[in-house]
Amino acid sequence: MTEYKKIVPSIDPDSAPYWEGAKNQKLMIQRCRKTGQTFLYSRQLVPGVDDRQVEWIEASGAGVVYSYTVARRPAGAAFEQDCPYVIASITLAEGARIMTNIVTDDVDAVKIGMPVTVFFDKVSEDLTIPKFRPA
Amino acid sequence: MSRQPVIVGVSDAPTENRGRALPGTHVLNMQRDCALEALAEAGLTMADVDGVAVAGMWGMPGPGAMQPNLLTEYLGIRMPKYLDGSNVGGSAFVLHAGHAYEMIKAGVCDTVLILYGSMQKSQAARSLGGRPALFSNQFDMTAGLPSPAGAYAMAANRHFHDYGSNRETLAEIAVATRSWASLNPAAAFRDPLTIDEVLSSPPIVDPLGRQDCCLVTDGGGAVVMTTEERAKDLKAKPIYVLGHGESASHSNINYMPDMSRLEVAEHSSSRAYSMAGLKASDMDMAMIYDSFTITVLLTMEALGLCPRGEGKDFVKGQRTAPGGEFPMNTNGGGLSYCHPGMYGIFLLIEATRQLRGGLGERQAPNLTTAVCHGTGGVLSSGATVVLSNEKP
């Protein structure tokens, strides 16, 4: 496997289950045990809900595009060969929003509301990144 | 004795060659010169200053992490009673003005110096990448989101989808702003700009092209606030700060509750209007943070200058350009005048100058009130102040 040169996440105790899950081909998100609200990483909880009342669940991997952009210029040299590429905020079927890439040959076909589905891109021995494709 | 807070001095640093600081300038002497000029304009001296507010991205890691300490030292300010280093992005200085209002009004201090300086262009310190994938940025930075432009692009696409605005809407803003810049000798870009040129400018992050994005320049400024009572003996015409508000909703764009609605500005401006006893429709002009054209569209709607979703009609046909119905970003904005990274202080400087009057061909007519709104981060924080040239 060639060396991965792009920026890698600074994995912290809050996010470790997400990245561990990705290594095992699972898209992990958080859910509030009291309200059922799902979220990913964001610390926004329903007011008054104790943040320890949170569990990790495996998401279905289905979602729709909430918004997106096509990068015509890269976020640094490591992304240059990918241009143009799509970064999107996806609303998962469970309700949480996730920021990720939509990998497609037809970047101009990406639209808000478009159904997408997860796949797992193993970019190095240590890092697997959940990304999406048009469903 | 009226402790009504007023602005009595403003200054912005001169630049040359499309926004480059003059030779011999660095980030501290730039702020010193702005401070001295703003104080001199008021008829005050550094010895009068007993409050210091500053934000910037310089000197970090290191003394820049505690900028009020360093500026107090560098400027020789003697035991200030109010220090503010709040850094919530480019909105910080508008927020400082709100804090300074409260400190002055409460009698904690009498004269506050708000400062900013940046050498980002000379130091080539800006790029679309290279930001650490920390905390809530773990996901978008890993995905290669050009930052901050990509975040604003997502908001633009969502606004287009929800309200039918489009690239022409944004181009109207860029062109009107450039027309104001053409009247401002201090602006970095003064050449005429057309809607077609904006639409055909090199794409950066869809739907934003080069002309939808702010400049990268050096620059700095200073604002001096004191009490109405103190201002009676001073030579500058006081500009009254009538109300202020601030808020924040997220750090990363993915956690913005609704990307087509700038709720932080709705909250901060409603508090500012209410405090001033005024409404959005009472505002004669607006100075709105224009990091990107979409920032302006979202902010206008949130400030209540037009109903949500109707910004496209508000800016159509150059309504905000010189000679138009509603003057906005009359210095030429971050899009064409200067954008040294954190632009908020220039909103206060220009609104003050317009409300004083006498700006020649750049002067907007018949002004009594102005609303200034700063945005920080990626539509993350917002701060509003309402100003007037009439005693409340």
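Residues numbered from 1 in each chain as written. Chains lettered and ligands numbered in written order. Predicted model: local features only at pLDDT ≥ 70, side-chain atom pairs only at ≥ 80, totals over all residues.

## Here's the deal with the overall build of chain B
Scanning chain B for helices and strands turns up 13 helices and 13 strands. Across its three principal axes, chain B shows a C-alpha extent of roughly 55 × 45 × 40 Å. For chain B, with 392 residues in total, the buried portion stands at 61%. Considering only contacts in chain B between residues 6 or more positions apart, those separated by 24 or more positions represent 78%. (Helix = DSSP H or I, 4+ residues; strand = E, 2+ residues; numbered from the N terminus. Buried ≥ 20, exposed ≤ 12 C-beta atoms within 10 Å, placed from the backbone. Contact = placed C-beta atoms within 7 Å.)

## With respect to the pairing of strand β4 (residues 51-54) of chain B
Residue and element names in this part refer to chain B. Alternating positions in β4 separate into two faces, G51 and A53 on one and V52 and V54 on the other, with burial throughout. Of the strand pairs in this sheet, β4 and strand β5 (residues 82-84) are connected by 3 bridges, and their pairing is parallel. Note that in β5 the partner of V52 across the bridge is L83. Note that the unit made of β4, helix α2 (residues 67-75) and β5 has a crossover that is right-handed. Bridge analysis of β4 against strand β6 (residues 112-118) gives 4 bridges, and the strand direction is parallel. Bridge pairing in β6 places V52 opposite L113. (Pairing = 2+ DSSP bridges. Right-handed = clockwise from strand over helix to strand, strands pointing away.)

## What to know about the domain arrangement of chain B
Residue and element names in this part refer to chain B. Segmentation of chain B into domains returns domain 1 (5-124 + 218-240) and domain 2 (146-214 + 244-388). For domain 1 and domain 2, the distance between their C-alpha centroids amounts to 23 Å. On the domain 2 side, the residues contacting the 33 residues of domain 1 number 38 residues. Those elements that place two or more of their residues in the side of domain 1 that touches domain 2 are β1 (5-12), α3 (92-105), β6, β9 (219-227) and β10 (239-248). A per-element tally of the side of domain 1 that touches domain 2 places α3 first, with 7 residues. (Domains from an automatic or database assignment.)

## Re unusual backbone geometry
Residues other than glycine predominantly adopt negative phi, and peptide bonds predominantly adopt the trans conformation. Residues and elements named next belong to chain B. Backbone torsion omega between M60 and P61 reads -5 degrees, so that peptide bond is classified as cis. Inspection of the secondary structure assignment puts P61 in the loop between β4 and α2. One non-glycine residue, M79, adopts positive backbone phi at about 45 degrees. Positionally, M79 belongs in the loop between α2 and β5.

## A closer look at the packing of helix α6 (residues 167-181) of chain B against helix α10 (residues 293-302) of chain B
All names here are of chain B. Contact geometry of α6 with α10 gives a least axis separation of 9 Å together with a crossing angle of 100 degrees. One element, α6, and the other, α10, form an angle in the roughly perpendicular class. Along the contact surface, α6 presents T169, L170, I173 and A174, while α10 presents T293, I294, V296 and L297. When grouped by side-chain class, the residues that make up the contact of α6 with α10 number 6 nonpolar, 2 polar and no charged. (Axes fitted to C-alpha atoms, helices over the stretch in contact; angles between N-to-C directions. Parallel < 35°, antiparallel > 145°, perpendicular 65-115°, else oblique. Nonpolar A, V, L, I, M, F, W, Y, C, P; charged D, E, K, R; others polar.)

## What about the sheet that holds strand β1 (residues 28-32) of chain A?
Residue and element names in this part refer to chain A. Reading across the sheet, the 3 strands line up as β2-β1-β3 and stay open at both edges, with antiparallel pairing between neighbours. Edge positions in the sheet fall to β2 (38-39) and β3 (54-58), since each has one partner strand and no second. The pairing of β1 with β3 spans 5 bridges and is classified as antiparallel. By the bridge assignment for β3, R31 is matched with E55.

## Thoughts on α3 of chain B
Three- or four-residue spacings in an α-helix give side chains the same orientation, since the helix completes a turn every 3.6 residues. Residue and element names in this part refer to chain B. Compared with an ideal rise of 1.5 Å per residue, which puts 14 residues at 20 Å, α3 spans 20 Å between its outermost C-alpha atoms and is within 8% of the ideal. Of all 14 residues that make up α3, 11 are buried, and the element is covered over most of its length. Looking only at α3, the buried set comprises A92, F93, V94, L95, H96, A97, G98, A100, Y101, M103 and I104. Downstream of α3 by a residue or two, G107 has a phi angle that is positive, lying close to 85 degrees. (Expected span 1.5 Å × (residues − 1).)

## Details of the sheet that holds β9 of chain B
All names here are of chain B. If you trace the 9 strands from one edge of the open sheet to the other, you get β5-β4-β6-β9-β1-β10-β13-β12-β11, paired in mixed fashion. Each end of this open sheet is capped by a strand with a single partner; those strands are β5 and β11 (286-288). Geometrically, the sheet is characterised by an average inter-axis angle of 20 degrees between neighbouring strands, direction not taken into account. For β1 and β10, the ladder comprises 2 bridges, and the chain directions are antiparallel. Note that in β10 the partner of V6 across the bridge is Y240.

## Things to note about the interface of chain B and chain A
In this complex, chain B contributes 31 residues to the contact, which on the side of chain A involves 31 residues. Within the residue set of the side of chain B that touches chain A, elements represented by two or more residues are α4 (138-142), α5 (149-163) and β7 (203-205) of chain B. Here the side of chain B that touches chain A gets 6 residues from one element, more than from any other, and that element is α5 of chain B.

## With respect to the packing of helix α1 (residues 27-42) of chain B against α2 of chain B
Residue and element names in this part refer to chain B. Contact geometry for α1 and α2: axes closest at 11 Å, N-to-C directions at 65 degrees. In terms of orientation, α1 and α2 fall into the roughly perpendicular class. The two elements α1 and α2 meet at a crossing, and its hand is right-handed. Where α1 approaches α2, its residues L28, Q31, R32 and A35 are matched on the opposing element by L71, Y74 and L75. (Left-handed = near helix turned anticlockwise from the far one by under 90°.)

## Some thoughts on the environment of L170 of chain B
All names here are of chain B. Along the chain, L170 falls in helix α6. Sequence spacing of L170 and T295 is 125 residues, and the spatial spacing of their C-alpha atoms is 9.5 Å. With near-sequence residues (within four places) excluded, L170 lies in contact with A156, D212, T293, I294 and L297.

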